[in-house]
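Structural characterization, general
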Amino acid sequence: GQQLNQSPQSMFIQEGEDVSMNCTSSSIFNTWLWYKQDPGEGPVLLIALYKAGELTSNGRLTAQFGITRKDSFLNISASIPSDVGIYFCAGLYTGANSKLTFGKGITLSVRP
Amino acid sequence: NAGVTQTPKFQVLKTGQSMTLQCAQDMNHEYMSWYRQDPGMGLRLIHYSVGAGITDQGEVPNGYNVSRSTTEDFPLRLLSAAPSQTSVYFCASRRLAGGLAYEQYFGPGTRLTVT
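Counting from 1, residues in each chain are numbered in the order their sequence is written. Going through the entries in the order they are written, you letter the chains from A and number the ligands from 1. Since the coordinates come from a predicted model, pLDDT governs what is reported: local features require at least 70, and pairs of side-chain atoms require 80 or more to be given and counted, while whole-chain, interface and lining totals use all residues. To obtain the side-chain values, all non-hydrogen atoms of the structure were used and water was disregarded.

Re the sheet that holds strand β1 (residues 4-7) of chain B
All names here are of chain B.
- One bridge is not enough; two strands pair if DSSP finds at least two bridges between them. Each helix is a run of H or I in the DSSP string that is no shorter than four residues. Each strand is a run of E no shorter than two, and both are numbered from the N terminus. With antiparallel pairing, 4 strands are arranged side by side in an open sheet as β1-β3-β8-β7. Looking at the sheet topology across the chains shown, the edges are occupied by β1 and β7 (64-66). Each adjacent strand pair in this sheet contributes to an overall mean axis angle of 20 degrees, direction not counted.
- By the bridge criterion, 4 bridges tie β1 to strand β3 (residues 19-25) in an arrangement that is antiparallel. What sits directly across from V4, in β3, is Q25. To get an axis, fit a line to the C-alpha atoms, keeping to the stretch in contact for a helix; angles then go from 0 to 180 degrees between the N-to-C directions.

Quick word on the nonpolar core
- Formed by 22 residues in total, the largest nonpolar core has its most connected members in A:M21, A:W34, A:L74 and A:L108.
- Elements supplying a minimum of two residues to this core: β2 (10-14), β3 (19-24), β4 (31-37), β5 (44-49), β7 (61-65), β8 (71-76), β9 (85-92) and β11 (106-111) of chain A.
- The nonpolar core is taken to be a set of buried Ala, Val, Leu, Ile, Met, Phe, Trp, Tyr and Cys residues, with the residues joined through side-chain atoms within 4.5 Å. Throughout, exposure labels follow a simple rule: accessible area from a 1.4 Å probe, protein chains only, divided by the maximum for the residue type, with under 20% read as buried, over 50% as exposed, and the rest as partly exposed. Counting 21 residues, the second largest nonpolar core, distinct from the first, contains A:F102, B:L45, B:Y48 and B:F106.

Observations regarding the sheet that holds β3(A)
Residue and element names in this part refer to chain A.
- Strand order across the open sheet formed by 5 strands is β1-β3-β8-β7-β6, with antiparallel pairing between neighbours. In this open sheet, the two edge strands, each paired with only one partner strand, are β1 (5-6) and β6 (55-58).
- Taken together, the 4 bridges between β6 and β7 define a ladder with antiparallel strand orientation. Looking at the pairing, S57 lines up with T62 of β7.

A short note on the interface of chain B and chain A
- Facing 24 residues of chain B, the contacting portion of chain A comprises 24 residues.
- When the area that chain B buries against chain A is broken down by residue, the three leading residues are B:L43, B:Y102 and B:F106, summing to 30%.
- Throughout this description, a polar contact denotes any pair of N or O atoms lying within 3.5 Å of each other; where both atoms belong to protein, one of them has to be capable of donating a hydrogen while the other can accept it, and for residues adjacent in sequence the pair is counted only when both atoms sit in side chains. In this structure, the connection of chain B to chain A is made through 6 residue pairs in polar contact (both at pLDDT 80 or more).
- Put simply, the parts of the chain that give the side of chain B that touches chain A at least two residues each are β4 (31-38), β5 (42-51), β9 (87-94) and β10 (105-106) of chain B. Between two residues, a contact is recorded if the distance between any of their heavy atoms is within 4.5 Å. Two parts placed together each lose some accessible area under a 1.4 Å probe, and adding up what both lose gives the buried area.

Everything listed here is a matter of geometry and, on its own, says nothing about what the molecule does.
As structure tokens, then:
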């Protein structure tokens, strides 16, 4: 099935740094979701975006719905050790029965 | 409000055994789904349901069975376990329509090993 593109597979940053990750698709979506997965846990929803160009924040996290509707961005500011985990993007194109399309995720490591 | 719950958390099966992975949600969500997560493969959809009595296949349905007799529960059955079914299984749910329709929530997962 279709997958969203998330790269690189892993990112290593220093505590206190900002980090940006993006997610791209060849198809348009009208919903973008960002999840974080801690080791041994299920994905937890961080931010939901519903409108092209929309910018939404959740604490130190900010996500944007790309104007082309084919991409989305997640920024984490002033990273802390508990930001470590896998960050997934997911896209959905309308319709009640539509299925989410997921990226493979980016593993974020934060050096103290 | 417990959200999405799954049992068991861990399971070891022998090849050929059958078992049922349980999933329940208390958010009155119409849509429920099962995914498997394997290294390098991301999340792959196994089966989904848009309401009680309605189920459909996802990307990787072979070897799995589902039913949806109530809004709350969506069990996943492994008919005859194979080593290729060693994976982490996640159940998820969301509403079908309304303001937060597309916010999908996941359970904590079941880690299954088939020997």
